[in-house]
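# Results of the structural survey
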Amino acid sequence: QVQLVESGGGLGQAGGSLRLSCAVSGTFVRVNDMTWYREAPGKEREMVATITRSGSTNYSGSVKGRFTISRDYAKDTMDLQMNTLRPEDTAVYYCNAMILPSYPGYYQNFWGQGTQVTVTS
């Protein structure tokens, strides 16, 4: 069974940095796009950053220039380096990926369990 396992996050200070990681585990054929989402209290879940299989990246306007998404294709992991943190970055961060599992033979959308990021001023 395919799973996304997140790590990192926790408590950070405004202006500081945190790093999130997401690892794909289980039996699968291919991982396509990988994306970080976040959900703040009382708000809808929003896309933070995405990286395609070819390495193209896209960021939300609120994090562009501060966050950097990256992938290790050999290890099937994804990271999010978060710099110049702001209190409004406080949210639960979710890892998302489009994955072709060994069975069944079609792409499915997988989510991690979420990791809390809290930024204090």
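Here, the structure is the one placed above.
Residues numbered from 1 in each chain as written. Predicted model: local features only at pLDDT ≥ 70, side-chain atom pairs only at ≥ 80, totals over all residues. Heavy atoms only, no water.

## A word on the pairing of strand β11 (residues 115–120)
Residues T115, V117 and V119 point to one face of β11 and are all buried, whereas Q116, T118 and T120, pointing to the other face, are not buried. Of the strand pairs in this sheet, strand β2 (residues 10–13) and β11 are connected by four bridges, and their pairing is parallel. The residue of β11 that forms the bridge with Q13 is T120. (Buried < 20%, exposed > 50% of the residue type's maximum accessible area, 1.4 Å probe, protein only. Helix = DSSP H or I, 4+ residues; strand = E, 2+ residues; numbered from the N terminus. Pairing = 2+ DSSP bridges.)

## Description of the environment of V63
Assignment of secondary structure puts V63 in the loop between β6 (57–59) and β7 (67–72). Assessed through its relative accessible area of 0%, V63 is described here as buried. Through-space distance from the C-alpha of V63 to that of L85 is 9.2 Å; in sequence the pair is 22 residues apart. Beyond its immediate sequence surroundings of up to four residues, V63 is in contact with R38 and V48. (Contact = heavy atoms within 4.5 Å.)

## A short note on the nonpolar core
Of all hydrophobic cores here, the largest spans 29 residues; its most connected members are M34, W36, L80, M82 and Y93. Elements with a contribution of two residues or more to this core: β3 (18–25), β4 (28–39), β5 (46–51), β7, β8 (77–82), β9 (91–101) and β11. The greatest single-element share of this core, amounting to five residues, is contributed by β9. Excluding anything up to four places from it in sequence, M82 contacts G16, S17, L18, L20, R66, F67, Y93 and V117. (Core = buried A, V, L, I, M, F, W, Y, C linked by side-chain atoms within 4.5 Å.)

## Digging into the packing of aromatic side chains
As enumerated under the stated definition, the model contains two aromatic pairs in all. For the pair Y94 and W111, a centre-to-centre distance of 6.4 Å together with 85° between the ring planes defines the contact as edge-to-face. Of this pair, Y94 sits in strand β9 while W111 is found in strand β10 (residues 108–111), placing the two residues 17 residues apart along the sequence. By relative accessible area, which is 15% here, Y94 ends up buried. An aromatic cluster is built from Y37, Y94 and W111, whose rings are joined through pairwise contacts. Positioned over the ring face of Y94 is R45, at 3.8 Å from the centre of the ring. Between R45 and the ring centre of W111, over which it is positioned, the NZ or CZ distance is 4.7 Å. (Phe/Tyr/Trp six-rings, centres within 6.5 Å; stacked < 30°, edge-to-face > 60°. Lys NZ or Arg CZ within 6 Å of the ring centre and 35° of its normal.)

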